[in-house]
Amino acid sequence: VGSGIFMNPSVVAARAHTTALILIAWIFGGLVALAGACIFAELAWRRPDSGGLYGYMRDAYHPVVAFMYGWTALLVSQSGGMAAAAITFAVYFQPLTGLHVTPWMSAVAAIAILSAVNCAGVREGGSTQNVLMVLKAVVIVAVIVAGFVGPHGSAAHAAVATNLHVGGMALFAIVGAALIPVLYSYDGWQTAPFIDGELKDPKRSLPRALIWGVVLVVFLYLAITIAALRMLGPAGLAATATPAADMMRLLVGPVGERIVAAGIALSTLGFLSNQILTSPRIYYAMAKDGLFFKQLAWLHPRTHAPIAAIAIQGVVAIVIALSGRYDQILNYVTAMDFVFFGLAGFALVVFRRRSPETGAGGVRMPGHPWSTMAFVLVSAAVVVNTYVNFPADTLVGLLILFSGVPVYAIWRRRARVRA
């Protein structure tokens, strides 16, 4: 659960216009996320202790594909997302506390402090993540309650755009545009398998966490969307950039806006903590394979945390935050993620062909192979749709992605020389 759910419902409403299409976008996005979670649940069952998506790419295809994923994660998707979350937190931190601290200082401090917490070990990092999760869930539930018990909006806000008569490709384009913020809001479930090597029973706990975690998130997101539609209506929801704050203000006055601001700050910290907790395990796996700096594979003897990997990720995130270029990265994070989501879906097809039977108690993707291939096609459609809407940013993301090929060749040659 990130900060996007506090704002993205208005973006979806502005693109989808009607109550029916708004709900269709959120429901379809939830089904895509749930399908992805089911695919990753079986992958986690089949490939425990593999480091998540990095290991799936390596074992299903070739180490160069895995390296390209890790390379993109470090320079774009994971570190860039951390930088954006830290800056968003800093924007809300000063008004909430009244402290005269510049935003860049708050952002750097947030990254540094949470990185230090996660260096203490996965238990400490997980406990911090759990506390932040509970606090922001309380705020989300408060917004949902406000939407259902508060007054309806004005007649203009409650009006439904019933005069929207489109069909065919136009309707497809509308829903496709609305799906971009929806899928970005649901994004994040793929990071759970990164820490499979530090779990006591990953074959049992990871599939359960993935599936039930996504189910609960979909329930929360649908509930807050329905609550916003009830209080503001589709037109009013589309007209505001801060729907959650508007809902709380209508119910309890100005104090409601401060509650939502606190919720957004907590959500950004929770997202930041999640990234710091899980992502360094990618670079640890790369180093363990001899494809990155060997220091990143070092584990602290007491905490068993990959401290060097956490540190280098924190440094990259701080550099991105200070450069102010993180806003561009957000445009193609979704596209880069779904490139590898689609490859992960096809990786399940590869693993099934290699080992058709999972044995008693195995986790299986329902409706495979048709459901899995449908997810692969949806992932490809998301990438194409993002390119159509943001061609320049998507091309930059692809350039960073494919720049991993020559870098991989250099590290591979170094590994052979050492051998």
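No experiment lies behind these values; they were computed from the predicted model shown.

Colleague: So, helix 9 (residues 202-239): which residues are in play, and what are the values?
Modeller: Its 38 residues place the ends of helix 9 only 45 Å apart at the C-alpha level, less than the 56 Å of an ideal helix rising 1.5 Å per residue. Of all the bends in helix 9, the greatest, near 95°, is centred on Gly233, and the proline Pro234 appears no more than four residues after it.

Colleague: Let's hear about the side chain of Arg46: which residues, and what values?
Modeller: Positionally, Arg46 belongs in helix 2 (residues 19-46). A distance of 3.0 Å separates a polar side-chain atom of Arg46 from the backbone oxygen of Ser355.

Colleague: How would you sum up the packing of aromatic side chains? Please name residues and give values.
Modeller: By the definition in use, this model includes 15 aromatic pairs. Geometrically, the ring pair formed by Phe293 and Trp411 is edge-to-face, given 4.9 Å between the ring centres and 85° between the ring planes. Of this pair, Phe293 sits in the loop between helix 12 (280-288) and helix 13 (307-323) while Trp411 sits in helix 16 (residues 391-418), and the two are 118 residues apart along the sequence. According to the relative accessible area criterion, Phe293 is partly exposed, its value standing at 40%. Overall, Trp411 belongs to the buried group, its relative accessible area being 8%. Among the aromatic side chains, those forming a connected cluster through ring pairs are Phe67, Trp71, Phe292, Phe293, Tyr408 and Trp411. The lysine or arginine in question, Arg47, covers the ring of Phe351, its NZ or CZ lying 4.1 Å from the ring centre.

Colleague: I'd love a proper account of the packing of helix 2 against helix 9, names of residues and values included.
Modeller: As a packed pair, helix 2 and helix 9 sit with axes 8 Å apart at the nearest point and diverge in direction by 175°. Classed by the angle they form, the pair helix 2 and helix 9 counts as roughly antiparallel. Along the lines of polarity and charge, the residues of the contact of helix 2 with helix 9 split into 24 nonpolar, 3 polar and 1 charged.

Colleague: For the pattern of salt bridges, give the residues involved together with the corresponding values.
Modeller: This structure, assessed with the given rule, holds 6 salt bridges. With a shortest N-O distance of 3.4 Å, Arg47 and Asp59 are connected by a salt bridge. A residue pair is termed long-range when its members are at least 10 positions apart, and Arg47 in the loop between helix 2 and helix 3 (53-60) and Asp59 in helix 3 qualify at 12 residues. Among the residues examined, Asp59 registers a relative accessible area of 25% and is labelled partly exposed. Salt bridges sharing common partners tie together Arg47, Arg58, Asp59 and Asp289.

Colleague: Describe a nonpolar patch on the surface, naming the residues involved and giving the relevant values.
Modeller: Together, Val141, Val145, Phe148, Val149, Ile226, Leu251, Val252, Val255 and Ile259 line one region of the surface with nonpolar side chains, adding up to about 700 Å² of accessible area. Element by element, the count of residues in the nonpolar patch is highest for helix 6 (residues 122-149), at 4 residues. Following the sequence through the fold, Val149 ends up in helix 6. In this structure Val149 comes out as exposed when scored by relative accessible area, which is 57%.

Colleague: Give a description of the environment of Thr386 that names residues and reports values.
Modeller: When you line up the elements, Thr386 lands in helix 15 (residues 370-389). When the C-alpha atoms of Thr386 and Met336 are compared, they prove to be 9.8 Å apart, with 50 residues separating the residues in sequence.

Colleague: Requested: an account of the side chain of Thr18, with residues and values cited.
Modeller: Mapped onto the elements of the fold, Thr18 is located in the loop between helix 1 (8-16) and helix 2. Classification of Thr18 by relative accessible area gives buried; the value is 12%. Within polar-contact distance, the side chain of Thr18 engages the backbone nitrogen of Leu21 at 3.2 Å.

Colleague: Break down the nonpolar core for me, citing the residues and quoting the values.
Modeller: By size, the foremost hydrophobic cluster in this structure holds 123 residues, and its most contacted members are Trp26, Phe40, Leu53, Met57 and Leu272. Those residues in contact with Trp26, other than ones at most four positions away along the chain, are Ile5, Asn8, Pro9, Val12, Val182, Ser185, Tyr186, Tyr221, Leu222 and Thr225.

Colleague: Explain unusual backbone geometry to me, using residue names and the numbers behind them.
Modeller: With omega at 10°, the peptide bond leading from His368 into Pro369 counts as cis. Although it is not a glycine, His17 adopts a positive phi angle of roughly 75°. Inspection of the secondary structure puts His17 in the loop between helix 1 and helix 2.

Colleague: How would you sum up helix 12? Please name residues and give values.
Modeller: Within helix 12, 8 of the 9 residues are buried, which leaves it mostly tucked inside the rest of the structure. One or two steps after helix 12, the chain reaches Gly290, where phi turns positive at roughly 80°.

Colleague: Explain the packing of helix 12 against helix 13 to me, using residue names and the numbers behind them.
Modeller: It is at 8 Å that the axes of helix 12 and helix 13 come closest, and there the two elements cross at 120°. In terms of their interaxial angle, helix 12 and helix 13 are classed as oblique. For the pair helix 12 and helix 13, the sense of crossing is right-handed. Mapping the contact onto sequence places Pro280, Arg281, Tyr283 and Tyr284 in helix 12 and Ala309, Ile310 and Gln313 in helix 13. For the contact of helix 12 with helix 13, the class distribution of residues is 5 nonpolar, 1 polar and 1 charged.

Analysis parameters
Residues numbered from 1 in each chain as written. Predicted model: local features only at pLDDT ≥ 70, side-chain atom pairs only at ≥ 80, totals over all residues. Heavy atoms only, no water. Helix = DSSP H or I, 4+ residues; strand = E, 2+ residues; numbered from the N terminus. Expected span 1.5 Å × (residues − 1). Bend = angle between axes of the 7 residues up to and from the residue. Polar contact = N/O pair within 3.5 Å; in protein donor to acceptor, adjacent residues only side chain to side chain. Phe/Tyr/Trp six-rings, centres within 6.5 Å; stacked < 30°, edge-to-face > 60°. Buried < 20%, exposed > 50% of the residue type's maximum accessible area, 1.4 Å probe, protein only. Lys NZ or Arg CZ within 6 Å of the ring centre and 35° of its normal. Axes fitted to C-alpha atoms, helices over the stretch in contact; angles between N-to-C directions. Parallel < 35°, antiparallel > 145°, perpendicular 65-115°, else oblique. Nonpolar A, V, L, I, M, F, W, Y, C, P; charged D, E, K, R; others polar. Salt bridge = Lys/Arg side-chain N within 4 Å of Asp/Glu carboxyl O. Patch = residues over 30% accessible without salt bridge, like charges linked within 9 Å, V, L, I, M, F, W, Y side chains within 5 Å. Areas by Shrake-Rupley, 256 points an atom, 1.4 Å probe, with all protein chains shown as cover. Core = buried A, V, L, I, M, F, W, Y, C linked by side-chain atoms within 4.5 Å. Contact = heavy atoms within 4.5 Å. Left-handed = near helix turned anticlockwise from the far one by under 90°.

Distances and angles like these do not, on their own, reveal function.
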